[in-house]
Amino acid sequence: MHLNPIVSEVDFDLAGRHTGYLRLPHSVHRSAYGWLPFPVVSIRNGSGPVVLVMAGNHGDEYEGQILAAQLAREIDPAYLTGQIIVLPAANAPAVEQGLRTSPIDDGNLNRAFPGDPRGSPTQIAAHYIEHELLARADYLIDLHSGGSSLLYHGGNMLAIEPRDEAGKARLIDLLNAFGLPNAFIHRENPVHAAAAARRQGAVSITTELGGAGTVSSALIREARQGLLHFLGHVGLLHGPLVPESPPASVRFRRVAGARHYVYAYDSGVYEPLVELGDRVSQGQPAARIHFPDTPWREPVIRHFDSDGEVVCKRVPALVRRGDCLFHLAEDDPTFFTQLAR
């Protein structure tokens, strides 16, 4: 197995609070012996659960970056029994430029796992996160939002479908402990950080907190309450920071593949015909796509392929063929039923 070239300035085995950078060697014209800095914080006290809190997986998703940095500042090691590792800019080059993907290699970190220690900077970072950080962790909290092109409806959690009844009971317990209003259960994608966590034996919860290239203080407060309550629930954090309750009762939803998405098949200007939170029906008009460059052409109407609730919508009006316009979900009342009798 090839060693990852990233060098950590932080010794993750030491007790206390330690800050520094993961240094990825990067030789370019302006800096022959340079390295890319990925900020990291380790807070450790005694033996207990290890939680990796990651943000900046996509560089244009800002809510999680703020929340992760806030968490790194305010947690006192004296109130820990275990370890929290905070990686607030997981794709640091993308975070620096406010882009979804890295400006260096166009790498989408959440499509790069399990990574490659001999690959591009994004592939190297993915390999390090999976094989060095997640290999230590019991839990991954991966903080996302809709970024600059999408907007999610409120605070949401995503989790991979459990493999068995024991995993299901554990997942329900953890999602209720985090307590954002909506939890989406979805199929595993092997290139996602959530799948990397599963391969390393860790349980993953992903958030989707707003988006549209903006920051919602209300969503940050809600997610902070949920995350701190989760850390207390798993036995890592105790003391005054742990809230008495999670922020909300969880509504379990399911994302049922392609039928829950609406895409543009024409390039033009899109006009949404529904809003976030609306209930829609199969065949209902979703959006008009207009053609200002050929004004004599009638707009094209895109329709929903399924019933459901609108949980995410595209933000920029200018679209190209293949752009996602809407994302639906449906209630999953059977999620609480037993998989095996």
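Refer to the structure above for everything that follows.
Figured I'd write up the structure that's included with this text. Residue positions within a chain follow its written sequence, with the count starting from 1. Whole-chain, interface and lining totals are the exception, using all residues; otherwise, since this is a predicted model, local features are given only for residues with pLDDT of at least 70 and side-chain atom pairs are given and counted only at 80 or more. Hydrogens and waters are ignored; side-chain quantities use all the structure's heavy atoms.

Re unusual backbone geometry
Put simply, the rule is: Note on conventions: DSSP H or I runs of at least 4 residues are helices, E runs of at least 2 residues are strands, and numbering of each starts at the N terminus. Summary of the burial criterion: residues with accessible area below 20% of their type's maximum are buried, those above 50% are exposed, and those between are partly exposed, where the area comes from a 1.4 Å probe applied to protein chains only.
Geometrically, the link from F113 to P114 is a cis peptide bond, its omega value of 10 degrees lying close to zero. Structurally, the position occupied by P114 is in the loop between α2 (92-97) and α3 (121-133). For D106, which is not glycine, the phi dihedral falls at a positive 60 degrees. Structurally, the position occupied by D106 is in the loop between α2 and α3. Judged by relative accessible area, which is 58%, D106 ranks as exposed. Phi at A212 takes a positive value of approximately 65 degrees, unusual for a residue other than glycine. Within the secondary structure, A212 sits in the loop between β9 (203-211) and α6 (217-233).

A word on the side chain of E208
Threshold: Only heavy atoms matter for contacts: two residues are in contact if any of them lie within 4.5 Å across the pair.
Looking at the secondary structure, you find E208 in strand β9. Excluding its chain neighbours within four sequence positions, the residues that come into contact with E208 are H144, S145, G146, Y152, G154, G155, N156 and L158.

A closer look at the nonpolar core
Keep this limit in mind: Nonpolar cores were defined as sets of buried Ala, Val, Leu, Ile, Met, Phe, Trp, Tyr and Cys residues, with membership established by side-chain atoms within 4.5 Å.
By size, the foremost hydrophobic cluster in this structure holds 40 residues, and its most contacted members are V53, I84, I141, L175, F230 and L231. Among residues more than four places away in sequence, those in contact with I84 are V41, S42, I43, V51, V53, L71, I75, L231 and L236. Grouped together as the second largest cluster of nonpolar side chains are 33 residues, V40, L52, L87 and A137 included.

Here we look at the sheet that holds strand β12 (residues 268-272)
The criterion, for reference: A pair of strands is treated as paired once DSSP finds two or more bridges between them.
Across the sheet, four strands lie side by side as β15-β14-β12-β17; this open sheet has antiparallel pairing. On the outer flanks of this sheet lie β15 (300-303) and β17 (318-319), each paired with one strand and no other. Two strands pair when backbone bridges link them, and β12 and strand β14 (residues 285-290) are joined in this way by four bridges, in the antiparallel orientation. Bridged to E271 within β14 is R288.

Let's talk about the packing of aromatic side chains
Applied cut-off: Two rings belonging to Phe, Tyr or Trp (six-membered ring only in the last case) form a pair when the distance between their centres is within 6.5 Å. Interplanar angles under 30 degrees mark stacking, angles over 60 mark edge-to-face geometry, and anything in between is tilted. Counted as over-ring charges are cases with an Arg CZ or a Lys NZ within 6 Å of the ring centre that also lie within 35 degrees of the ring normal.
Under the counting rule described, the total for this entry stands at six aromatic pairs. Both rings, one in F178 and one in F230, keep their centres 6.0 Å apart while their planes meet at 45 degrees; by these two values the pair is tilted. Residue F178 is located in helix α4 (residues 165-178), and its partner F230 is located in helix α6; the two are separated by 52 residues in the primary sequence. The side chain of R297 reaches across the aromatic face of F291, ending 3.7 Å from its centre.

Remarks on the pattern of salt bridges
For the record, the criterion: Salt bridges are identified by distance alone: a Lys or Arg side-chain nitrogen within 4 Å of an Asp or Glu carboxyl oxygen.
Throughout the structure, instances matching the rule amount to 18 salt bridges. Close ionic contact of R254 with E161 constitutes a salt bridge, the shortest N to O distance being 2.7 Å. Here the residue R254 occupies a position in strand β10 (residues 251-254), and E161 occupies one in the loop between β7 (150-160) and α4, the gap between them amounting to 93 residues. Looking at E161, the relative accessible area reads 29%, which means it is partly exposed. For K313, the salt bridge goes to E275, with nearest N and O atoms at 3.5 Å.

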